[in-house]
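Okay, here's what each chain looks like letter by letter:
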Amino acid sequence: MPLSALLPVAASVLTLAAPPAHPPAASLLLGLQDSTGRITTVTLDCHPAGGDHPGKARACASLTTVDGDFDRLPAEATVCPMIYSPTTATAKGHWRGKPVVYTHTYGNKCAAAAESAGVFDF
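Conventions used here
- Residues numbered from 1 in each chain as written.
- Predicted model: local features only at pLDDT ≥ 70, side-chain atom pairs only at ≥ 80, totals over all residues.
- Heavy atoms only, no water.
- Pairing = 2+ DSSP bridges.
- Helix = DSSP H or I, 4+ residues; strand = E, 2+ residues; numbered from the N terminus.
- Buried < 20%, exposed > 50% of the residue type's maximum accessible area, 1.4 Å probe, protein only.
- Core = buried A, V, L, I, M, F, W, Y, C linked by side-chain atoms within 4.5 Å.
- Axes fitted to C-alpha atoms, helices over the stretch in contact; angles between N-to-C directions.
- Contact = heavy atoms within 4.5 Å.

A. Examining the pairing of strand β4 (residues 98–106) more closely. Strand direction decides the pairing type here: strand β3 (residues 87–95) and β4, joined by nine bridges, are antiparallel. Paired with A89 across the two strands is H104, which belongs to β4. A loop of two residues connects β3 with β4, the two strands running antiparallel in sequence, and R96 in this loop sits at a positive phi of about 50°.

Shown next, in the form of structure tokens:
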């Protein structure tokens, strides 16, 4: 068989042997449970930003500034209604190789979004 006939086969084998794309540096499952018990969840991947979080770029930027430490997320200056409707936010997954398990109860859904710099804004 001539060498020119083997080139397409060799190229195909090399393509299959290529290493897989790097997984995201962070992969999180975020949840919000309202006072009626209704639960909403989204996924958030960072570096690169992905998942079904509606504000994934903003949420990843906020988490990057605090190196994934949810307790250090800065509160944003937002006017929220003064209606007490406890909303429990959860995060599970990993941030740059470290496991993440976070739970915090906010006064309402607006407060959860504002006090988490948009991470829990969904």
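So, next bit.
B. Structural view of unusual backbone geometry. The amide bond that connects H47 to the next residue, P48, takes the cis arrangement and shows omega of 10°. Of note, P48 is situated in the loop between β2 (39–46) and α2 (56–65). Phi is positive for D67, close to 50°, though the residue is something other than glycine. Within the secondary structure, D67 is located in the loop between α2 and β3. Despite not being glycine, R96 has its phi angle at roughly 50°, a positive value. On the accessibility criterion, R96 (46% relative accessible area) is partly exposed.

C. Structural view of the nonpolar core. Formed by 24 residues in total, the largest nonpolar core has its most connected members in L30, L44, L63, F70, V119 and F120. Listing elements by their share of this core, those giving two or more residues are β1 (26–33), β2, α2, β3, β4 and α3 (109–115). A per-element tally of this core places β1 first, with four residues.

D. Region of interest: the sheet that holds β1. Taken together, four strands build an open sheet; the order of strands is β2-β1-β3-β4 and the sheet is antiparallel. In this open sheet, the two strands that pair with only one neighbour each are β2 and β4. Shown here is a sheet whose adjacent strand axes are inclined to one another by a mean of 15°, direction ignored. Pairing of β1 with β2 involves eight bridges; the strand directions are antiparallel. Residue pairing for β2: S27 is matched across the bridge by D45. Contacts from α2 reach β1, β2 and β3 within the one sheet, and its direction differs from that of β2 by about 70°.

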